[in-house]
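Descriptive structure summary
The chain contents come next:
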Amino acid sequence: MTHFQNDLICLTLAEAKKALSQKEISSVELTEAYLGAIACNRHLNAYILETAELALEKARESDQRLAKGEARPLEGLPLAIKDLFCTEGVQTTAGSHILEGFKPPYESTVTHNLKNAGSVFLGKTNMDEFAMGSANITSYYGNVINPWKRRDGKDLTPGGSSGGSAAAVAAGLALAATGTDTGGSIRQPAAFSGIVGLKPTYGRCSRWGIVAFASSLDQAGPMTRDVRDAALMLEVMASYDPKDSTSSSQNVPCFEKAISKGVKGLKVGIPKEYQLEGMPDDIMKLWEKGAQWLKEAGAQIIEISLPHTKYSLPTYYVLAPAEASSNLARYDGVRYGLRVPGKTLDDLYENTRSEGFGVEVQRRVLIGTYVLSAGYYDAYYLKAQKVRKLIAQDFELAFQKVDVILTPTTPSAAFAIDEKPTDPVVMYLNDVLTVPANLAGLPGLSVPAGLSKEGLPLGLQLLGPAFDENVLFRAGWVLEEAAAFKSFLER
Amino acid sequence: MSLDQETIKRIATLARLKLNDDRMSSMQQDLNHILHFIDQLNEVETSHVEPMAGVNTPSMPFRKDVVNDGDRVAKIMENAPEVACNMFVVPKVVE
């Protein structure tokens, strides 16, 4: 493990912002420090594409603006962008062979917002192919390695699908990063890598220009060093966008202001159904500790019930593949991306898609096609949509009694890449605690809160009512202060 | 519910995927594991439940029926594997 010793890469987004505005450092210095760290840590495979020249060009522009006192909210701050966000003129692959070499002629709304706020993009981060995976082992561009190590020294997964973003933020290869979360793809890798990850309320960030996986579940969010940084990033990423008909016109509040408001008088729900059979001791203990920390800060702890929790994963594995099979129909080898020739048009489609999609993507496209096919639609797809309603209702009822819900983020710590389960269903269980929030469209925040027996990071998850990210920032900040978690860079 | 290989071939054709025989048996096993897992949903009583297609979007927004984008032929063709006369080239479809 090569450590790139540099104080600059240990700063939080908020600290770097302050240092830039007080002219203690320049954006070029900061960007160069990150580019240096990236170059020393290529074995982690966190980036699919590094955009060093573009980054330095933007950093120089930012330094001019800073000098003139025209700084925008994220002026000169170097970020990593998950390779699911279309970036104009810069290769966007979604981790897939089928999009290798694709240079979008337009910019996603979220990255447009981040650029407009003055941030500097260091490159595009690795991810599970089309965001389908929980270990970053389905990328065409290779596995991502978690910077954390267990005592046996084996290479660990950073989680997925936003595994490259998580590893980059944890290892100091970006100040913060964007992720997307369809079933846990921000929160699970954040927990595995010891960083903060936020899935906002569905509709908070525009999906326009994000390569679509499951449109009714996908949501972009920040992956950061701490809770304050997540608030700063979300404020810029979130916006109403007429180009996404599901984007919300609700006001985007100043999230940073919520952070220090504390949790006095808040009611915190502990859902008994999240106590899974065989859940490791260290995770159960951390969960109890989390509840204790919130209680000591003045919150009231209340046991609640979310009775349909156990049906969340099976519901997800009907709906997400169904939406994916329809969204991925566009990859045809005709208009963009990979083309594998064939004698007939159908041959061309089949050859292109069979060579261009990896095994996990093909599995999900097949399941999705099956559950939507004539004769099975009602039994699978419609049934899952009904159970989804029951899951959402569970949360509606719970939020009549409590303000926020506390759970662990994952049922285990990071596992070794060579221990990956061979049964896809066992792999899917990684997301058992994160998927319900996607089905109900609710915001969820993962905060690093402690270590497993093997010395690996564990996260606590906070779930809030729709459009109340503020309550997550309030409770998340209290957990962060109490846990005093030491990040990978601080060790 | 279990899928036989013939059904999987039919789905693969619908999805425009080619499944060679060497991949068929492992794919069949995986798909049946997943379907078996999904079958749990049959335990849930849903006869009086409305299906839910999305969240937080009480109604679809409307916009004026006017052209607000266009004239981007070059950009649209930019990433195409094969182009002729501003058109995408595909194998012959009509005899």
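Computed from a prediction, not measured in an experiment: that's the story for all the values here.

Moving on to the overall build of chain B. A count of helical and extended segments in chain B gives three helices and two strands. Along its sequence from the N terminus, chain B presents helices and strands in the succession α-α-α-β-β. Referenced to the eigenvectors of the C-alpha coordinate spread, the extents of chain B come out at roughly 55 × 45 × 25 Å. Out of the 95 residues in chain B, the part that is buried amounts to 14%.

Let's shift gears to the overall build of chain A. Summing up its helical and strand segments, chain A has 15 helices and eleven strands in all. Here the C-alpha radius of gyration of chain A, 21 Å, is about what a compact globule of 491 residues would show, namely 23 Å. By principal-axis analysis of the C-alpha atoms, chain A measures approximately 65 × 55 × 50 Å. Counting every position in chain A, which comprises 491 residues, the buried fraction comes to 62%. Sequence-distant contacts, at least 24 apart, represent 77% of the contacts inside chain A between residues at least 6 apart.

At the interface, 39 residues of chain B touch 57 residues of chain A. At the level of secondary structure, the elements contributing two or more residues to the side of chain B that touches chain A comprise helix 1 (5–14) and helix 2 (21–38) of chain B. It is helix 2 of chain B that contributes the most residues to the side of chain B that touches chain A, seven residues altogether. Among the residues making up the side of chain B that touches chain A, the classes are represented as 25 nonpolar, seven polar and seven charged.

Looking now at the pairing of strand 5 (residues 196–199) of chain A. Consecutive side chains along a regular strand alternate between the two faces of the sheet. Residues and elements named next belong to chain A. Residues V196 and L198 point to one face of strand 5 and G197 and K199 to the other, with burial holding for every one of them. Relative to strand 6 (residues 219–224), strand 5 is paired through two bridges, and the arrangement is antiparallel. Residue pairing across strands places V196 opposite T224, the latter belonging to strand 6. By the bridge criterion, three bridges tie strand 5 to strand 10 (residues 444–451) in an arrangement that is antiparallel.

Moving on to the sheet that holds strand 4 (residues 176–181) of chain A. All names here are of chain A. Ordered in space as 1-3-2-4-6-5-10-11-9-7-8, the eleven strands form an open sheet in which the pairing is mixed. On the outer flanks of this sheet lie strand 1 (47–50) and strand 8 (300–304), each paired with one strand and no other. On average, each strand axis in the sheet is tilted by 30° relative to the strand beside it, whichever way the strands run. As judged from the three bridges shared by strand 1 and strand 3 (residues 120–125), these two strands associate in the antiparallel manner. Opposite Y47, over in strand 3, you have T125 as the bridge partner. Those strands touched by helix 3 (residues 52–67) are strand 1, strand 2 (78–82) and strand 3, and its axis lies near 155° from that of strand 3.

Grouped together as the largest cluster of nonpolar side chains are 164 residues, with contacts concentrated most on Y34, L79, L122, A168, A174, V404 and A475 of chain A. Excluding its chain neighbours within four sequence positions, the residues that come into contact with A168 of chain A are A46, Y47, A80, T125, L173, A174 and A177 of chain A.

Now for the packing of helix 7 (residues 227–237) of chain A against helix 15 (residues 469–483) of chain A. For any two helices packed against each other, one specifies the crossing angle of their axes together with the interaxial distance. Residues and elements named next belong to chain A. Two numbers describe how helix 7 lies on helix 15: the axes approach to 9 Å, and their chain directions differ by 155°. When the axis of helix 7 is compared with that of helix 15, the two are roughly antiparallel. Contacts from V227, A231 and L234 in helix 7 reach E469, F473, G476, W477 and E480 in helix 15. Classifying every residue of the contact of helix 7 with helix 15 gives five nonpolar, one polar and two charged.

Bringing unusual backbone geometry into the picture now. That bond from G160 of chain A to S161 of chain A is cis: its omega, 10°, falls within 30 degrees of zero. Turning to its location among the elements, S161 of chain A is positioned in the loop between strand 3 and helix 5 (163–171). Unusually for a residue other than glycine, R16 of chain B sits at a positive phi of about 55°. One non-glycine residue, N86 of chain B, lies in the positive phi region at around 60°. Mapped onto the secondary structure, N86 of chain B falls in the loop between strand 1 (83–84) and strand 2 (87–88).

In this section: the pairing of strand 7 (residues 267–271) of chain A. Residue and element names in this part refer to chain A. The pairing of strand 7 with strand 8 spans five bridges and is parallel. Its bridge partner lying in strand 8, I270 is registered against E303. What joins strand 7 to strand 8 is helix 8 (residues 281–296), and the crossover it makes is right-handed.

Bringing the confidence of the model for chain A into the picture now. Per-residue pLDDT for chain A has a mean of 96; in total, 99% of the residues score no lower than 70. Here residues 1–5 of chain A scores under 50 on pLDDT; set against residues more than four positions off or in separate chains, the count is eight contacts.

Quick look at the environment of G298 of chain A now. All names here are of chain A. Its location among the elements puts G298 in the loop between helix 8 and strand 8. For the pair G298 and K383, spaced 85 residues apart in sequence, the C-alpha separation works out to 42 Å. Not counting residues up to four positions away in its chain, the partners in contact with G298 are G262, V263, K264 and G265.

The next thing to look at is the confidence of the model for chain B. Keep in mind that low pLDDT regions are not for reading the predicted coordinates in detail. Across chain B, the average pLDDT comes to 92, with 97% of residues at 70 or higher. Both scores are given for the predicted complex: the pTM is 0.97, the ipTM 0.96.

For the rest of this paragraph, the subject is the environment of G76 of chain A. All names here are of chain A. Within the secondary structure layout, G76 lies in the loop between helix 3 and strand 2. Taking the C-alpha atoms as reference points, G76 and L66, separated by ten residues in sequence, lie 8.3 Å from one another. In contact with G76, not counting residues within four places along its chain, are L20, S27, L30, A59, S62, D63, L66, G118 and V120.

What follows is about helix 15 of chain A. Residue and element names in this part refer to chain A. End to end, helix 15 covers 21 Å across 15 residues, agreeing with the expected 21 Å (1.5 Å per residue, within 8%). Helix 15 sits mainly inside the fold: eleven of its 15 residues count as buried. Every buried residue of helix 15 is listed here: E469, V471, L472, F473, R474, A475, G476, W477, V478, L479 and E480. With its phi angle positive at about 45°, A484 sits one or two positions after the end of helix 15.

About the cut-offs
Residues numbered from 1 in each chain as written. Chains lettered and ligands numbered in written order. Predicted model: local features only at pLDDT ≥ 70, side-chain atom pairs only at ≥ 80, totals over all residues. Helix = DSSP H or I, 4+ residues; strand = E, 2+ residues; numbered from the N terminus. Buried ≥ 20, exposed ≤ 12 C-beta atoms within 10 Å, placed from the backbone. Rg over C-alpha atoms; globule rule 2.2 N^0.38 Å. Contact = placed C-beta atoms within 7 Å. Nonpolar A, V, L, I, M, F, W, Y, C, P; charged D, E, K, R; others polar. Pairing = 2+ DSSP bridges. Axes fitted to C-alpha atoms, helices over the stretch in contact; angles between N-to-C directions. Core = buried A, V, L, I, M, F, W, Y, C linked by C-beta atoms within 7 Å. Parallel < 35°, antiparallel > 145°, perpendicular 65-115°, else oblique. Right-handed = clockwise from strand over helix to strand, strands pointing away. pLDDT = per-residue confidence, 0-100. Expected span 1.5 Å × (residues − 1).

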